[in-house]
Amino acid sequence: MIDLDLGPLWLTLQLAGATVIVLLLIGTPIAWWLTFTSSRLRTIVEAIVALPIVLPPTVLGFYLLIALGPHGLVGGPWNELTGSTLSFSFTGLVMASTLYSLPFVVQPLHGAFEAIGKNPLEAAWALGASKLDTFFTVASPMAIRGYLTAIVLGFTHTLGEFGVVLMVGGNIPGQTKVLSIAIYDHVEVLEYAQAHTLSAGLLIFSFVVLLAVYTANRRLPIHAA
Amino acid sequence: MSQLAANFDLAFSGFHLQVNINVPAEGVIAIFGPSGCGKTTFLRCLAGLERAPIGAMVLNAHIWQDERQGVFVPLPQRPIGYVFQEPRLFPHLNVQANLQYGWQRTAKSERRITLEQVVHVLDIETLLERSPSALSGGEQQRVAIGRALLTSPKLLLMDEPLSSLDFHRKREILPFIQRLDTEFHIPIVYVSHDLHEIVELAKTVVLLKEGKVACSGPIEEVFAQLNLRYLIPENHLGAIIDTTVAEQDQEFGLTKLAFSGGHLHVPHHHRRIGERLRVQILAKDVSIVSSPPAFQTSVLNLLQATVVEIGEVNANHPFVDIKLDIGCPLLATITRKSLATLKLHPGQRVHAQIKAVALGPETNHSKF
């Protein structure tokens, strides 16, 4: 039997789960705003949201390290408020992953909201539904495919992050040592069997999740048109 | 009597809407005009979907907008129903859930219209469990009308609800819209660029041209005016007359219609005796003879008439519109040459020959 530490796996799942929840909470209003605003800031925000797709993770990680550090833009005030540092902590990792995976959640939602358009929303308002009511009873059920895609992409993309985690989180077992880093560690010390098991596990898991989502997407009755 | 008063001044890229109306809030109030004249924008202002910076709207003393005092009731809080050009049903809800969406959001004390009534009037019993995507265009639009009605609105706004439908589907829905007024007593603001729909439905008509009200009032009065030539397409000019079906002539396949000035014979029309029928007599189908023709004429409808008014004579235009009185107003388009030959003048007794009578239903629809 291979001596396999499953800690990194649980940590990774926790990180991805927490990141997706945070992303849905902040990604939804961003995507909504991008869809329905007529502000000139729209294109700028769109470009900023897309940045993590094109930036090398190490670049993103480098700036995050500075921002989240004890004297950084975010880390400084955080340190004063909570007395703990953000860099090399799980919370810091969630923040970093949120930024790193932001486009993978915002873009599917943006696409879904755009496909819905203003028409059904106006119809709901005319039927007496408030804007919030309309969002929950018309827009979000109609955007269900977009949400499914956003959740899966956000989750799996966070599972696979490496560069950002290494820069911001380091390699602290139980705190910031996630799956991809564990695999790297195993390879570095030539523990190929362990690296194989973890890699294959991640590969199969990702494939199964994507397969399930695409199947579900096909069967979902909602066509946002 | 209840009134609908609205005044909007709204400008956006290359378009300026400046509308001021004050009309009785009963029956169908038709907003008529060519594409791009601001009909839909006006309706959206009435709904509160657009907020005119200079604007006021009052229905039966309820103020929904008064920008001078900063009053603007947002759409969800206005007791209106809005039927859009497209049905806009919610695809994730079945027909029944779509119908109940607005009903559930209407205060219990305000609910005057029940699901059973709407389902009955619109004939949608068999559709309730279906998904909107499984319905035809006409069925979807009926459900959309029902959904709006179930909010028990004080005013129903309809934006060309039939425009996306083919001729037969239109024929299927028009009677339902006619019944809304009699069954539920809800005033309807009805936007259309299809004159036949308006002739059939409207009590009041507002003609829009380039964002402004060109003319408004009871439909019979508006269409009896002489100055319409420059507001509506020439082939739509003509007086509107309310008639009742008096007789069915089986032998010759004719229907005899009675109106305040006598009778009109029209090709057989499938209606019961005594039924009311509103017809339009296009001005181009009316000719004037100074005395009854000595010889026989093939024109069935020859009516005594008095010249009321001669329309504007335009040297660049061969035609002139004449307003006649045949017990009710009638418009005739004749050539300037005929006007000179007949020496027409107000008060003159003449005869009007009516070549054809345009009937609301069962005739082909023509559009702008």
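### Let's talk about the overall build of chain B
- The helix and strand inventory of chain B stands at 8 helices and 21 strands.
- Taken along the three principal axes of its C-alpha coordinates, chain B extends 70 × 55 × 35 Å.
- Within the span of chain B, comprising 368 residues, buried residues form 43% of the whole.
- Partitioning the contacts of chain B with sequence separation of at least 6, the portion at a separation of at least 24 is 67%.

### Describing the overall build of chain A
- A count of helices and strands for chain A gives 11 helices and 0 strands.
- Reading chain A from its N terminus to its C terminus gives the helix and strand order α-α-α-α-α-α-α-α-α-α-α.
- At a minimum sequence separation of 6, the contacts of chain A that also span at least 24 residues come to 74%.

### A few points about the interface of chain B and chain A
- Opposite the 18 residues of chain B that make contact, chain A presents 15 residues.
- Every element with two or more residues in the side of chain B that touches chain A is listed here: β7 (80-83) and α2 (95-104) of chain B.
- A breakdown of the residues in the side of chain B that touches chain A according to their chemical character gives 10 nonpolar, 4 polar and 4 charged.

### A word on the sheet that holds strand β20 (residues 349-354) of chain B
All names here are of chain B.
- Taken together, 5 strands build an open sheet; the order of strands is β16-β20-β17-β18-β19 and the sheet is antiparallel. Edge positions in the open sheet fall to β16 (286-289) and β19 (329-335), since each of these has one partner strand only. In this sheet, neighbouring strand axes are inclined to one another by 50° on average, regardless of whether the strands run parallel or antiparallel.
- Across 4 bridges, β16 lies against β20 in antiparallel orientation.

### Overview of the pairing of strand β12 (residues 238-249) of chain B
Residues and elements named next belong to chain B.
- In terms of strand pairing, β12 meets strand β15 (residues 276-282) through 7 bridges, oriented antiparallel. By the bridge assignment for β15, Thr244 is matched with Arg276.
- Where β12 lies against strand β13 (residues 254-259), 5 bridges are found, and the strand directions are antiparallel. Bridged to Asp249 within β13 is Leu254.
- Taking the residues that link successive antiparallel strands as the turn, the β12-β13 hairpin has 4 residues, and the phi of Gly253 there is positive, at about 65°.

### Topic: the nonpolar core
- Ranked by internal contacts, the top residues of the largest apolar core, which has 157 residues, are Ala30(B) and Tyr190(B).
- Per-element accounting of this core gives the leading share, 14 residues, to helix α5 (residues 90-116) of chain A.
- Counting contributing residues, this core receives three or more from each of domain 1 (3-223) and domain 2 (238-359) of chain B.
- Leaving out residues up to four positions away in the same chain, Tyr190(B) has contacts with Val28(B), Ile29(B), Ala30(B), Ile31(B), Met158(B), Leu201(B) and Ala202(B).

### A look at the pairing of strand β17 (residues 301-310) of chain B
- Across 6 bridges, β17(B) lies against β20(B) in antiparallel orientation. Across the sheet, the residue bridging to Leu302(B) is Gln353(B), located in β20(B).

### Focus: unusual backbone geometry
- Positive phi is not limited to glycine here, since Leu190(A) has a value of about 60°.
- You can see Leu190(A) is positioned in the loop between α10 (179-188) and α11 (192-219).
- For Glu210(B), which is not a glycine, the phi torsion comes out positive at approximately 45°.
- Its place among the elements puts Glu210(B) in the loop between β10 (202-209) and β11 (212-218).

### Focus: the domain arrangement of chain B
All names here are of chain B.
- Domain boundaries assigned for chain B yield domain 1 (3-223) and domain 2 (238-359).
- Relative to domain 2, the C-alpha centre of domain 1 lies at a distance of 34 Å.
- Every contact between the two is made by 5 residues of domain 1 and, on the other side, 5 residues of domain 2.
- Looking at the side of domain 1 that touches domain 2, the elements with two or more residues in it are α6 (195-201) and α7 (219-223).
- Counting residues per element, the side of domain 1 that touches domain 2 draws most heavily on α7, at 3 residues.
- Residue composition of the side of domain 1 that touches domain 2, by class: 3 nonpolar, no polar and 2 charged.

### Overview of the environment of Thr134(A)
Residues and elements named next belong to chain A.
- For Thr134, the location among the structural elements is in helix α7 (residues 131-142).
- Here the alpha-carbon distance between Thr134 and Pro120, two residues 14 residues apart in the chain, equals 8.9 Å.
- If sequence neighbours within four positions are ignored, Thr134 has contacts with Leu121, Ala124, Trp125, Ala129 and Ala139.

### Let's talk about the packing of helix α2 (residues 41-54) of chain A against α5(A)
Residues and elements named next belong to chain A.
- Running from N to C, α2 and α5 point in directions that differ by 115°, and their axes come no closer than 7 Å. The orientation of α2 relative to α5 falls into the category roughly perpendicular. Handedness of the α2/α5 crossing: left-handed. Across from Val49, Ala50, Pro52 and Ile53 in α2, the residues of α5 making contact are Leu99, Tyr100, Leu102, Pro103 and Val106.

### Brief notes about the confidence of the model for chain B
Residues and elements named next belong to chain B.
- Considering every residue of chain B, the mean pLDDT works out to 88; 97% of them sit at 70 or more.
- A low-confidence stretch, residues 361-368 stays under pLDDT 50, and its non-local contacts, those more than four residues away or across chains, total 14 contacts.
- ipTM for the predicted complex: 0.83, alongside a pTM of 0.84.

### Some words on the environment of Ala224(B)
Residue and element names in this part refer to chain B.
- Turning to its location among the elements, Ala224 is positioned in the loop between α7 and β12.
- C-alpha of Ala224 to C-alpha of His193: the two residues are 31 residues apart in sequence and 19 Å apart in space.
- Not counting chain neighbours up to four residues away, the residues in contact with Ala224 comprise Ala239, Lys323, Pro329 and Leu331.

### Brief notes about helix α4 (residues 137-149) of chain B
Residues and elements named next belong to chain B.
- When the terminal C-alpha atoms of α4 are compared, their 18 Å separation across 13 residues agrees well with the 18 Å that a helix rising 1.5 Å per residue should span.
- Here α4 lies mainly inside the structure; 12 of its 13 residues are buried.
- Within the sequence span of α4, burial applies to Gly138, Glu139, Gln140, Gln141, Arg142, Val143, Ala144, Ile145, Gly146, Arg147, Ala148 and Leu149.
- Where the residues of α4 are buried, they touch β7, α2, α3 (115-122), β8 (155-159) and α5 (167-184).

### Here's the deal with the packing of α4(B) against α5(B)
All names here are of chain B.
- At a closest axis distance of 10 Å, the pairing of α4 and α5 adopts a crossing angle of 15°. On the basis of the axis angle, α4 is roughly parallel to α5. Two packed elements cross with a definite hand, and for α4 against α5 that hand is right-handed. Seen from α4, the contacting residues are Gly137, Gly138, Gln141, Arg142, Ile145 and Leu149; seen from α5, they are Arg169, Glu172, Ile173, Phe176 and Phe184.
- Classifying every residue of the contact of α4 with α5 by side-chain character gives 5 nonpolar, 3 polar and 3 charged.

Rules used in this analysis
- Residues numbered from 1 in each chain as written.
- Chains lettered and ligands numbered in written order.
- Predicted model: local features only at pLDDT ≥ 70, side-chain atom pairs only at ≥ 80, totals over all residues.
- Helix = DSSP H or I, 4+ residues; strand = E, 2+ residues; numbered from the N terminus.
- Buried ≥ 20, exposed ≤ 12 C-beta atoms within 10 Å, placed from the backbone.
- Contact = placed C-beta atoms within 7 Å.
- Nonpolar A, V, L, I, M, F, W, Y, C, P; charged D, E, K, R; others polar.
- Pairing = 2+ DSSP bridges.
- Axes fitted to C-alpha atoms, helices over the stretch in contact; angles between N-to-C directions.
- Core = buried A, V, L, I, M, F, W, Y, C linked by C-beta atoms within 7 Å.
- Domains from an automatic or database assignment.
- Parallel < 35°, antiparallel > 145°, perpendicular 65-115°, else oblique.
- Left-handed = near helix turned anticlockwise from the far one by under 90°.
- pLDDT = per-residue confidence, 0-100.
- Expected span 1.5 Å × (residues − 1).

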